[in-house]
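Here are the chains, one letter per residue:
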Amino acid sequence: MASTTALFDDSFIPVRGGTGIPVADIAPWAVFGTLIAMIFLYFVSTEQGAYALFDGMYVHEYVHDGRHLLGFPCH
Amino acid sequence: MAKTLLWRGMLAGILAALLATMVARTVAEPQIDLAIGYEESHAVHAMGAHHDAPAPVEEELVSRDTQKGAGLFTALALYGAAVGGMFALIFAYGYGRFGRMGPRSFALLLASMAFLLIVIVPGLKYPQTPPAVGRHETVGIRTGAYFMMIGLSIASALIAANIRTALLRSRRGIDATLLAAGSYALLVGIGQFLLPAINEVPEDFPAVLLWNFRIASIASQFVLWATIGIVFGLLAEHTLKQQA
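Residues numbered from 1 in each chain as written. Chains lettered and ligands numbered in written order. Predicted model: local features only at pLDDT ≥ 70, side-chain atom pairs only at ≥ 80, totals over all residues.

Chemist: I'd love a proper account of the overall build of chain B, names of residues and values included.
Modeler: A tally of helices and strands in chain B yields 6 helices and 0 strands. Put simply, chain B runs from its N terminus to its C terminus through helices and strands in the order α-α-α-α-α-α. Each principal axis of the C-alpha distribution contributes one length, and for chain B these read about 75 × 40 × 25 Å. A burial count over chain B gives 36% of its 244 residues as buried. (Helix = DSSP H or I, 4+ residues; strand = E, 2+ residues; numbered from the N terminus. Buried ≥ 20, exposed ≤ 12 C-beta atoms within 10 Å, placed from the backbone.)

Below is the structure:
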């Protein structure tokens, strides 16, 4: 453990009232966060590429370079 | 606490996107410009070969400058906020549940795993491609296959984590971890073998350009995940200290 401590002098900080953050506290935020993330990811990765909610190519062209860079198929 | 961590994760993701944009702007954009140059020169040749009317001027919906600046940052910021938020939720669930690791070390471990699972492993099967690579007709199947690949990588990691937990009852930690890593590699290997092969690189596309673009893409995403791991670790440590 000594070498681990030397490399990572970063000790565990207990969560108040238990070992971890209660699932009941996480769950509603997990639903909300996942929903937001899916919407964001959809517009970066897929909109006006493989699938389109809106007509035209504006979204596609706007995020074009990022889409290529993140490895999503673009055209 | 989960709420604070979620917002901070998204914040770390946006900050990470800012740094990744700077790296991408420096190392990736020159390659994208070269690829677009290749694409345009070939479009002109194709036109010439068919003795058509002069090549129609392609109307630029978004200028290259916008694509390289605001567009690139917007795309990376949306991505960063999305993955940063998910990252924070996984951190919130895993912290204290998987060993007694400090918050900063745990954030770094999660970020390294995310980089491996989401960037490196899917990229081995379906590498990042610059403009001019890939046929328009196949974008649907390519997008589907790429998402399948990412899903397969994450699902295999979850299975491997369960295998590790089960093995820990009867074996030493190091052996359980190695066997779990081996199961992950095996599952991903089988999946990659079964998923369709996609090779749409034009025959005379410069190999060096393709390589440089891929390295630049991986470098940008490395900076993104490294920043998320470091910044979120600091923010989470602060949050935990305040409640303790």
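Chemist: So what's going on with the overall build of chain A? Residues and values would help.
Modeler: Secondary structure assignment for chain A yields 4 helices and 0 strands. When the helices and strands of chain A are read in sequence order from the N terminus, they spell out α-α-α-α. The C-alpha atoms of chain A give 21 Å as radius of gyration, which overshoots the globular expectation for 75 residues (11 Å, by more than 25%). In terms of principal-axis extent, the alpha carbons of chain A reach across some 55 × 35 × 15 Å. Per-residue burial for chain A yields a buried fraction of 37% across its 75 residues. (Rg over C-alpha atoms; globule rule 2.2 N^0.38 Å.)

Chemist: Requested: an account of the nonpolar core, with residues and values cited.
Modeler: Counting residues in hydrophobic clusters, the biggest one holds 73 residues, and the most contacted among them are Leu-78, Tyr-79, Phe-87, Phe-91, Ala-92, Ile-228 and Phe-232 of chain B. For this core, the secondary structure elements donating two or more residues are helix 2 (23-45) and helix 3 (58-62) of chain A together with helix 1 (2-49), helix 2 (64-94), helix 3 (103-125), helix 4 (139-168), helix 5 (173-194) and helix 6 (207-243) of chain B. The element that contributes the greatest number of residues to this core is helix 2 of chain B, accounting for 16 residues. (Core = buried A, V, L, I, M, F, W, Y, C linked by C-beta atoms within 7 Å.)

Chemist: Describe in detail the interface of chain B and chain A, supporting the description with residues and values.
Modeler: A common way to express how large an interface is: the accessible area buried when the components associate. With 53 residues of chain B at the interface, the matching set in chain A holds 42 residues. At the level of secondary structure, the elements contributing two or more residues to the side of chain B that touches chain A comprise helix 1, helix 2, helix 3, helix 4 and helix 6 of chain B. Top contributing element to the side of chain B that touches chain A by residue count: helix 2 of chain B, with 16 residues. Here the side of chain B that touches chain A is built from residues that sort into 28 nonpolar, 17 polar and 8 charged. (Contact = placed C-beta atoms within 7 Å. Nonpolar A, V, L, I, M, F, W, Y, C, P; charged D, E, K, R; others polar.)

Chemist: Help me get a handle on the environment of Gly-229 of chain B, residues and values and all.
Modeler: All names here are of chain B. Relative to the helices and strands, Gly-229 resides in helix 6. Considering only alpha carbons, one finds Gly-229 and Gly-134, 95 residues apart in sequence, at a separation of 33 Å. Once residues within four sequence positions are removed from consideration, Gly-229 is found in contact with Ala-107, Leu-108, Leu-110, Ala-111 and Ser-112.

Chemist: An account of the confidence of the model for chain B is needed here, citing residue identities and associated values.
Modeler: Residues and elements named next belong to chain B. Of all residues in chain B, 93% have pLDDT values of 70 or greater, and the mean over the chain is 92. Here helix 1 is the element of chain B with the lowest mean pLDDT, 91, and helix 3 is the one with the highest, 97. Below pLDDT 50 for its whole length, residues 51-55 participates in 4 contacts with residues either more than four positions away or in separate chains. Confidence metrics for the complex model read pTM 0.92 and ipTM 0.90. (pLDDT = per-residue confidence, 0-100.)

Chemist: Would you mind going over the environment of Leu-234 of chain B in detail, with residue names and values included?
Modeler: Residues and elements named next belong to chain B. Among the structural elements, Leu-234 can be located in helix 6. The class of Leu-234 is partly exposed, set by 14 C-beta atoms lying within 10 Å. C-alpha of Leu-234 to C-alpha of Arg-104: the two residues are 130 residues apart in sequence and 6.3 Å apart in space.

Chemist: Can you explain the packing of helix 2 of chain B against helix 3 of chain B? Please cite residues and give values.
Modeler: All names here are of chain B. In contact at an axis separation of 11 Å, helix 2 and helix 3 are set at 130° when each is read in the N-to-C sense. Taken together, helix 2 and helix 3 sit at an angle that is classed as oblique. As for the relative orientation of helix 2 and helix 3, their crossing is right-handed in sense. Counted together, Phe-87, Ile-90, Phe-91 and Gly-94 of helix 2 and Phe-106, Ala-107, Leu-110 and Ala-114 of helix 3 form the full contact between these two elements. Looking at side-chain class alone, the contact of helix 2 with helix 3 contains 7 nonpolar, 1 polar and no charged residues. (Axes fitted to C-alpha atoms, helices over the stretch in contact; angles between N-to-C directions. Parallel < 35°, antiparallel > 145°, perpendicular 65-115°, else oblique. Left-handed = near helix turned anticlockwise from the far one by under 90°.)

Chemist: How would you sum up helix 2 of chain A? Please name residues and give values.
Modeler: Along helix 2 of chain A, the helix axis deviates most sharply at Trp-29 of chain A, where the bend reaches about 25°. Among the residues of helix 2 of chain A, Ile-26, Trp-29, Ala-30, Gly-33, Ala-37, Phe-40, Phe-43, Val-44 and Ser-45 of chain A are the ones counted as buried. (Bend = angle between axes of the 7 residues up to and from the residue.)

Chemist: So what's going on with unusual backbone geometry? Residues and values would help.
Modeler: With the exception of glycine, the majority of residues adopt a negative phi angle, and the majority of peptide bonds are in the trans configuration. Even without being a glycine, Gln-48 of chain A presents a positive backbone phi close to 60°. Among the structural elements, Gln-48 of chain A can be located in the loop between helix 2 and helix 3. Judged by the 20 C-beta atoms lying within 10 Å of it, Gln-48 of chain A falls in the buried class. Positioned with a positive phi, Ala-132 of chain B is a non-glycine residue whose angle comes to about 85°. Examined against the element boundaries, Ala-132 of chain B turns out to sit in the loop between helix 3 and helix 4.

Chemist: Before we move on, can you summarise the packing of helix 3 of chain B against helix 4 of chain B with the specific residues and values?
Modeler: Residues and elements named next belong to chain B. Running from N to C, helix 3 and helix 4 cross one another at 125°; their axes reach a closest spacing of 9 Å. Looking at the two axes, helix 3 sits oblique to helix 4. The interaxial crossing formed by helix 3 with helix 4 has right-handed handedness. The residues of helix 4 that touch helix 3, namely those facing Leu-117, Ile-118, Val-121, Pro-122 and Lys-125, are Tyr-146, Met-149, Ile-150, Ser-153, Ile-154 and Ala-157. Split by residue class, the contact of helix 3 with helix 4 holds 9 nonpolar, 1 polar and 1 charged.

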